[in-house]
Amino acid sequence: MMRAVRYHGPKLPLQLESVPKPTPKVGEVLVKVTAAGLCHTELHFLSGLLNLGVQPLTLGHEMVGVVEEVGVGVESPKAGDRVILYYYVGCGRCAHCLAGDENLCDALRAEYGFVTDGGFAEYAVVPARNAVPLPAGISDEAAAPIGCGVTTAVHAAGLARLAAGDVVLVYGVGAVSFGLIQLASLAGAEVIAVSRTPAKLDKAKGLGAAHVLSATEGKVAERVREITRGHGADVVFELVATKETMAASTAALAKRGRLVFIGYSEDSYTVHPIQLVITEASVTGAVGNTLGELVRAVDLVARGKIRTVVDRVLPLGEFQAGIDALAKGKLIGRAILKP
Ligand SMILES: [Zn+2]
Ligand SMILES: [Zn+2]
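The model shown is predicted, which means the values in this text are computed figures rather than measured ones.

Novice: Outline the side chain of Arg258, supporting the account with residue identities and numerical values.
Specialist: Relative to the helices and strands, Arg258 is located in strand S15 (residues 253–261). For Arg258, a relative accessible area of 10% corresponds to the buried category. Within the structure, the side chain of Arg258 is placed 3.1 Å from the backbone oxygen of Ala160, a separation counted as a polar contact. There is a polar contact of 3.2 Å between the side chain of Arg258 and the side chain of Asp166. With residues up to four places along the chain from it excluded, the contact list for Arg258 reads Ala160, Arg161, Leu162, Asp166, Asp234, Val235, Val236, Leu253 and Ser282.

Right, dumping it as structure tokens:
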């Protein structure tokens, strides 16, 4: 048996429970989890905003650990290797999988921490190809936020077609945003970050944001126009997506600007088509990431191009303290659970 943090449905508290320790089948590896990041998605599960209907379920899709045992037919990784786990297992046959876009698979075989038991546990079992080697020099705790935070940023930045000289508005500052700010800066873009929390804005500035705006002062679109001398934002990454922020995000768009939704709330997005027509602006969503993007994100962190931000490290049993801090907006970066 092993300890795991289990989800039992919307509005019900997570519970630390004893569940059977999994065993690796053909082509799979058993990983002893050493660090697992708490993502905002966990709050969406708890509120019921995201309800995929699978429960009980071990949450946690940012997983780092050490391979303890390999199943029949696995050549790599080997027992003892440090790895970070990719959380989608696509069918491998649909058009999306064949194009490398496993996050859009038509027939997912697994999605750890979403519909399949994830990383808030002592052990996880995944196909060998989902276990990406972790270079020495990145600690387990620092690596965990790569799994969703940095890799989702790599994915969204790709969809946004970031280019040198672009003005990039990052609306809301969390783990994905810290990745976006650094990626946009690396690409030669000028970053404007918006948050309610001064400490998050300080961190955003430290990671390369040229300008930071306090959301509490309002008038975000107007201030973006001022900073850019009327141009607006070529790319807006929406990580908050309330009625108020979505209106400002849309109003801040430059001509041919790209609004990319990564976050969501209870609120719907309403826009008059004329706002998009006369600016030729486009609106898209970004969900998760691909295995190739995880490999790229690990490489960027290993080479020191991107830094992850960890607020605190907690023993698995203290998961509720992490959830509470996340819900109150108190975390500057990830809370990491150590099983
Ligand atoms: Zn996540
Ligand atoms: Zn597929």
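Novice: Residues and numbers for the coordination of the zinc ion (ligand 2), please.
Specialist: Donor atoms from the polypeptide that bind the zinc ion (ligand 2) are Cys91 (SG), Cys94 (SG), Cys97 (SG) and Cys105 (SG), placed at 2.3 to 2.4 Å. In primary sequence terms, the donor set of the zinc ion (ligand 2) follows C-x2-C-x2-C-x7-C. Of the two residues, Cys94 sits in the loop between strand S7 (88–89) and helix H2 (95–98) while Cys105 sits in the loop between H2 and strand S8 (110–111), which places them 11 residues apart along the sequence. Here Cys94 matches Cys105 in class, with each residue buried.

Novice: Requested: an account of the sheet that holds strand S4 (residues 57–58), with residues and values cited.
Specialist: The strand order across the open sheet built from 3 strands is S2-S1-S4, with neighbouring strands paired in antiparallel fashion. With partners counted over all chains shown, the strands left at the sheet margins are strand S2 (15–19) and S4, one partner each. Summarising the sheet, strand S1 (residues 2–7) and S4 pair through 2 bridges and their orientation is antiparallel. Residue pairing in the sheet places Arg6 in a bridge with Thr58 of S4.

About the cut-offs
- Residues numbered from 1 in each chain as written.
- Chains lettered and ligands numbered in written order.
- Predicted model: local features only at pLDDT ≥ 70, side-chain atom pairs only at ≥ 80, totals over all residues.
- Heavy atoms only, no water.
- Helix = DSSP H or I, 4+ residues; strand = E, 2+ residues; numbered from the N terminus.
- Buried < 20%, exposed > 50% of the residue type's maximum accessible area, 1.4 Å probe, protein only.
- Polar contact = N/O pair within 3.5 Å; in protein donor to acceptor, adjacent residues only side chain to side chain.
- Contact = heavy atoms within 4.5 Å.
- Donors = N, O, S within 2.8 Å, 3.2 Å for Na, K, Ca; no water.
- Pairing = 2+ DSSP bridges.

Read these as geometric descriptors, not functional statements.
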